[in-house]
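Chain by chain, the residues run as shown.
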Amino acid sequence: MKRNILIHPDPRLKKVCAPVGDLTDELRKLADDMLETMYDAPGIGLAAPQIGVLDRLIVIDCIKEEGETPRPLIMFNPEVIASSEETNVYEEGCLSIPDQYAEVTRPKVIDVTWMDEKGNLQQETFDGLWATCVQHEIDHLNGKLFIDYLKPLKRQMITRKMQKLKRERTRV
């Protein structure tokens, strides 16, 4: 089931999320709903707080090329355990901040641990776009948005655009 994506500014997007304890069928269904919502948007990542759920859960799939096999990842309690000194700069966007993009610098390579949808502990090294996406989504779990990396003036400008967008959407 497709879920509604919250638009910045929304206080839920600034909250730190609670760790997931026992995996339930309800949480697995939530993860499936998040994947459906992400693909429909379309996006390459989605964090639970973006649909108003304050649990440490993200979904990602950075395969964007036509004809390539999708690689959806469901991550409960994801955590970066190591990151490279080398950085990458990507123009990031966010489903909660539609049509706004800005360059953000992050570690190029990261090691991440998480619990998968079967309850198994996983660990993987991510590089490039995958590393950026995982870090962006984990930031959401900590109440941080990509615009928080920008200079205050640029951040305020984007926030004002989002407030206007929200007003326009409520009039419809």
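Placed above this text is the structure.
Here the structure is a predicted model, which is why all the values come from computation and not from measurement.

### Let's talk about the overall build of the chain
In terms of regular secondary structure, the chain is built from three helices and seven strands. Tracing the chain from N to C terminus, the helices and strands come up as α-β-β-β-β-β-β-β-α-α. For a compact globule of 172 residues, the expected C-alpha radius of gyration is about 16 Å, and the chain comes in at 16 Å, within 12% of that figure. Each principal axis of the C-alpha atoms in the chain carries an extent, and together these give about 45 × 40 × 35 Å. With 172 residues in all, the chain has 44% of them scored as buried. The long-range fraction of contacts in the chain, counting pairs at least 24 apart against all pairs at least 6 apart in sequence, stands at 66%. Accessible area of the chain: about 9,400 Å², with a carbon and sulfur share of 49%. Computed over 24 positive and 29 negative side-chain charges, the inter-centroid distance for the chain is 11 Å.

### A few points about the sheet that holds strand β2 (residues 57-60)
The five strands are arranged β1-β2-β3-β6-β7 in an open sheet whose pairing can be described as antiparallel. Of all strands in the sheet, those bounded by a partner on one side alone are β1 (45-47) and β7 (121-127). Between one strand and the next, the sheet's axes are offset by a mean angle of 40°, whatever the strand orientation. Sheet topology places β2 next to strand β3 (residues 73-83); four bridges connect them, and they run antiparallel. Along β3, the bridge assignment pairs Val-59 with Ile-74. On the sheet, helix α2 (residues 128-141) packs against β1, β2, β3, β6 (109-115) and β7 and is oriented at approximately 155° with respect to β2.

### Remarks on the layout of surface pockets
For the largest pocket, the calculated volume is near 610 Å³. Contributing to the lining of the largest pocket are 27 residues, with Pro-42, Gly-43, Ile-44, Gly-45 and Gly-93 lying nearest its centre. Those elements giving two or more residues to the lining of the largest pocket turn out to be α1 (25-40), β4 (87-94), β5 (97-107) and α2. Partitioned by chemical class, the residues of the lining of the largest pocket number 14 nonpolar, seven polar and six charged. By volume, the second largest pocket amounts to about 210 Å³. If you trace the second largest pocket, you find it lined by Lys-2, Arg-3, Asn-4, Ile-5, Ile-7, Thr-37, Asp-40, Ala-41, Leu-95, Pro-98 and Arg-169. Residue composition of the lining of the second largest pocket, by class: five nonpolar, two polar and four charged.

### Quick look at helix α3 (residues 152-171)
With 20 residues, α3 should reach 28 Å at 1.5 Å per residue; the first-to-last C-alpha distance of 29 Å fits that figure. Turning to α3, its buried residues number three or more, namely Ile-158, Thr-159, Met-162 and Leu-165. One side of α3 carries all its buried residues, which in axial view fall inside an arc of 120°. Along α3, exposed side chains directed more than 90 degrees from the buried face belong to Leu-153 and Arg-171. Looking at the buried side of α3, the elements it contacts are β5.

What counts and what doesn't
Residues numbered from 1 in each chain as written. Predicted model: local features only at pLDDT ≥ 70, side-chain atom pairs only at ≥ 80, totals over all residues. Heavy atoms only, no water. Helix = DSSP H or I, 4+ residues; strand = E, 2+ residues; numbered from the N terminus. Rg over C-alpha atoms; globule rule 2.2 N^0.38 Å. Buried < 20%, exposed > 50% of the residue type's maximum accessible area, 1.4 Å probe, protein only. Contact = heavy atoms within 4.5 Å. Areas by Shrake-Rupley, 256 points an atom, 1.4 Å probe, with all protein chains shown as cover. Lys, Arg positive; Asp, Glu negative; His and termini not counted. Charge placed at Lys NZ, Arg CZ, Asp CG, Glu CD. Pairing = 2+ DSSP bridges. Axes fitted to C-alpha atoms, helices over the stretch in contact; angles between N-to-C directions. 1 Å grid on protein atoms, 1.4 Å probe; cavity = no way out; pocket = protein on both sides within 12 Å on 5 of 7 lines; lining within 4 Å. Points joined across faces, edges and corners; volume = space filled by probe spheres on them. Nonpolar A, V, L, I, M, F, W, Y, C, P; charged D, E, K, R; others polar. Expected span 1.5 Å × (residues − 1). Arc of directions from axis to C-beta.

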